[in-house]
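Below are the chains, spelled out letter by letter.
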Amino acid sequence: MASGIAVHRAELRDGPVLPYAETGRPEGATVVLVHGYADSWWTFEPLLRRLPPSLHVYAPTQRGHGDADKPADGYLPEDLAVDLVAFMDAVGIGRAVLVGGSSGGVQARIVAGRYPDRVAGLVLLGVPADLAGKPAVTELWETVRGLEDPVDRGFAEGFSAGLTAEPVGRGFLETVVEESMKAPARVWRETLRGLLETDLRATLGGILVPTLVVWGDRDPLLTREEQQMILDAVPDSRLIVYEGVGHVPYWERPERVARDISDFVRGARGRETAGT
């Protein structure tokens, strides 16, 4: 279990300043956690406290979110993928296992497909293959397109609470809601617009690194068939199903997610050492 979480700030070249959390030993295998829509690094706090110190873990907050800088534009998945590589450059990461949570897996897999030399492996935790035609997403967009500042707390609470199959700690959920409300209405709007207007299936192309797909069988947004789309598109991929878990397994089962990530990283490093 990590002894503590340090929080720093990284200034991206020609980009925003991003806060990031860091745990583990500097000599450990490097892992970068990539949060999803309307989140911040805080979404991974339960996971950060359970990952072993043998992993050197970073969790940046993306532009527009949490306490990160909030530029006027740059909220397409492609933009966030560019920021992710720039973050790795800023903190001196040459190569890492990328762990994407929810829509954060989209920019993580863009980086894996376009910059394979920077990615040792990919873990997708409750990540959509596509968002087209999902009634829940269409309904969300109808609300988000009309959001005004300050973002309504009741809306933010309902959005976060509806993601899990089981209740999570009240204090933690309150922190997640507080963090989501730091994103201005325009960031909620433009980030979701970017996800909806991007061909998400195309972002599955060209991924040749080992990939672990984790899905909760009570996910209110994503289906098993959708996860199969990812497996079919990514040659070196496998699926772990968490029974009784909703959309955010790293909230509901952080101990198991930490264990599965550790095992995956160990396996990926072993394959690299063996030259396979």
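Before reading further, recall that the structure is shown in the block above.
Just so we're clear, the structure is a prediction, and the values are computed from it rather than from any experiment.

Student: Just to check I follow, could you spell out the overall build of the protein chain for this structure?
Tutor: Within the protein chain, the regular secondary structure consists of ten helices and eight strands. Taken against the 2.2 N^0.38 rule, which gives 19 Å for 276 residues, the C-alpha radius of gyration of the protein chain at 17 Å falls within 12% of a compact globule. Projected onto the principal axes, the alpha-carbon positions of the protein chain cover approximately 55 × 40 × 35 Å. Residues counted as buried form 57% of the 276 residues belonging to the protein chain. The long-range share in the protein chain, meaning contacts at least 24 apart out of those at least 6 apart in sequence, stands at 75%. When the accessible surface of the protein chain is split by element, carbon and sulfur atoms take 49% of a total near 11,500 Å². Here the protein chain contributes 29 positively and 40 negatively charged side chains, and the mean placements of these two sets differ by 4 Å.

Student: Explain the packing of aromatic side chains here, please?
Tutor: Two aromatic rings are characterised by how far apart their centres lie and by the angle between their planes. In this structure the tally under the stated criterion is eleven aromatic pairs. Between Tyr37 and Phe159, the ring centres sit 5.8 Å apart and the planes meet at 85 degrees, which makes this aromatic pair edge-to-face. Here Tyr37, found in the loop between strand 3 (29–34) and helix 1 (45–48), pairs with Phe159, found in helix 5 (residues 153–161); they are 122 residues apart in sequence, far enough to count as distant. Owing to a relative accessible area of 9%, Tyr37 belongs among the buried residues under this scheme. Between Phe172 and Trp251, the ring centres sit 5.6 Å apart and the planes meet at 85 degrees, which makes this aromatic pair edge-to-face. One end of the pair, Phe172, is in helix 6 (residues 170–180); the other, Trp251, is in helix 9 (residues 249–252), and 79 residues separate them in sequence.

About the cut-offs
Residues numbered from 1 in each chain as written. Predicted model: local features only at pLDDT ≥ 70, side-chain atom pairs only at ≥ 80, totals over all residues. Heavy atoms only, no water. Helix = DSSP H or I, 4+ residues; strand = E, 2+ residues; numbered from the N terminus. Rg over C-alpha atoms; globule rule 2.2 N^0.38 Å. Buried < 20%, exposed > 50% of the residue type's maximum accessible area, 1.4 Å probe, protein only. Contact = heavy atoms within 4.5 Å. Areas by Shrake-Rupley, 256 points an atom, 1.4 Å probe, with all protein chains shown as cover. Lys, Arg positive; Asp, Glu negative; His and termini not counted. Charge placed at Lys NZ, Arg CZ, Asp CG, Glu CD. Phe/Tyr/Trp six-rings, centres within 6.5 Å; stacked < 30°, edge-to-face > 60°.

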